[in-house]
Amino acid sequence: MNRQTALVIAPGRGAYQAEEMGYLEAHHGAQSDFIAMLDQVRRQAGQTPISTLDAEGRFIRSRHTNGENASLLIFGCAVADYLAIDQNRFDIVGIAGNSMGWYLALTCAGALSLQNGAHLVNHMGTLMHTDGIGGQLIYPVTDENWRPCTERRTIIDKAMADTRDDGHVVFASIELGGSLVLAGEDTGLGRLTDSLPTDGRYPLRLSYHAAFHTPLLDFIVPKAQAALSPTVFSQPQRPIIDGRGHIWTPGGADLSALYDYTLGHQITHTYDFTTSIIVAMRELAPDVVIVLGPGTTMGAPVAQSLIKTGWYDLNSKSDFKALQAKTPRVVSMGIPAQRALVVG
């Protein structure tokens with residue numbers, strides 16, 4: 001059987017929700033060597049092991065979604081999913097991730113070892129929990145059929161300008177397919193929320209998220225760099241696409257620059273997930289896209305980004321649904337029926 005080329009996408013924070021309770025045990029077994037290593041990282045930090053969090057049975061938002069606990073829990077699920085992909089059937093031509101997913105992409109690609117990736121993710125998650133300031137909210141920039149909506153962009157731009165004119169600090173944090181994640185200090189986000197039209201769901205404030213990817217986190221950079229030496233970075237074994245759309249290629253990556261980007265630029269500047277996907281599709285031309293679990297929160301942002309590339313002639317949400325019904329080209333490992341298409 002001919003191998004298909006695949007772009008792999010790692011999720012960010014928020015991927016583990018109530019529906020994902022027991023994900024590690026169900027798909028990977030809490031006693032695997034990999035999960036045991038992650039549990040040891042947690043124990044050394046005086047924290048609850050991720051296998052314990054996964055097995056608790058009752059989802060408690062304040063416990064399972066705060067940065068200190070959610071970060072390595074999502075890392076464990078996603079990286080274990082990556083290791084489960086049947087690479088006899090899929091030639092992985094690139095790896096990208098959303099926000100925290102960048103650290104996961106580095107690990108999956110081999111630029112960080114499993115253990116160093118785990119230490120980085122756990123440290124950053126804990127640091128954001130203890131020292132993070134501000135927050136994030138999300139607002140759509142496409143219409144109901146996932147087509148770009150200039151009017152909504154204009155509304156957001158005006159709301160941000162008005163908020164800044166009132167003396168508050170707000171930024172674009174993540175370009176997330178059909179949505180824009182905005183971040184700032186709490187009073188600014190409150191003012192921004194009041195300025196944006198509401199439809200019952202949006203603007204949506206994201207729980208337990210600091211002002212990621214903004215200059216408000218400049219002070220986090222030296223604390224982040226103190227946790228990881230530049231010497232632990234290696235040449236990636238697969239191309240990785242960062243939050244600017246830059247591709248770091250095996251054998252050609254400037255490791256010093258990769259360190260500076262990872263523990264500098266991407267902490268304090270907008271993470272453009274949309275552009276990373278557009279560049280990956282145009283430069284790497286994969287046959288399929290594999291979205292790592294846990295959860296299915298990345299499905300819509302991925303599809304919305306793909307629509308902007310015209311991949312398989314996609315032009316709308318209805319086009320994407322028709323493509324998936326015929327032959328799934330975006331395979332979400334958080335969906336059991338699709339997971340079966342890619343695991344060994």
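Preceding this section is the structure that the text describes.
These lines cover the structure that appears in this document, whether it is placed above or below.

Quick notes on the rules
- Residues numbered from 1 in each chain as written.
- Predicted model: local features only at pLDDT ≥ 70, side-chain atom pairs only at ≥ 80, totals over all residues.
- Heavy atoms only, no water.
- Helix = DSSP H or I, 4+ residues; strand = E, 2+ residues; numbered from the N terminus.
- Buried < 20%, exposed > 50% of the residue type's maximum accessible area, 1.4 Å probe, protein only.
- Polar contact = N/O pair within 3.5 Å; in protein donor to acceptor, adjacent residues only side chain to side chain.
- Axes fitted to C-alpha atoms, helices over the stretch in contact; angles between N-to-C directions.
- Parallel < 35°, antiparallel > 145°, perpendicular 65-115°, else oblique.
- Contact = heavy atoms within 4.5 Å.
- Nonpolar A, V, L, I, M, F, W, Y, C, P; charged D, E, K, R; others polar.
- 1 Å grid on protein atoms, 1.4 Å probe; cavity = no way out; pocket = protein on both sides within 12 Å on 5 of 7 lines; lining within 4 Å.
- Points joined across faces, edges and corners; volume = space filled by probe spheres on them.

Some points on the side chain of Ser-305
Residue position: Ser-305 is located in helix α13 (residues 299–307). A relative accessible area of 0% places Ser-305 in the buried class. For Ser-305, the side chain forms a polar contact with the main-chain oxygen of Pro-301, separated by 2.8 Å.

Observations regarding the packing of helix α6 (residues 101–108) against helix α7 (residues 114–131)
Packing of α6 against α7 leaves a shortest axis separation of 9 Å and a crossing angle of 170°. Considering the angle they form, α6 stands roughly antiparallel to α7. From α6, Tyr-103, Leu-104 and Thr-107 reach across to α7, where they touch Leu-114, Gly-117, Leu-120, Val-121 and Met-124. Of the residues that constitute the contact of α6 with α7, the class distribution is 6 nonpolar, 2 polar and no charged.

Side note on empty space enclosed by the protein
The tally for this structure, following the rule as stated, stands at 1 cavity of 30 Å³ or more. There is about 180 Å³ of room inside the largest cavity. Lining the largest cavity we find 14 residues, and of these Ser-99, Met-100, Tyr-103, Met-128 and Phe-212 sit closest to its centre. Of all the secondary structure elements, the ones that give two or more residues to the lining of the largest cavity are α7 and α11 (255–268). A per-element tally of the lining of the largest cavity places α7 first, with 4 residues. In terms of residue class, the lining of the largest cavity is built from 8 nonpolar, 5 polar and 1 charged.

Keep in mind that these numbers describe shape and distance, not what the molecule does.
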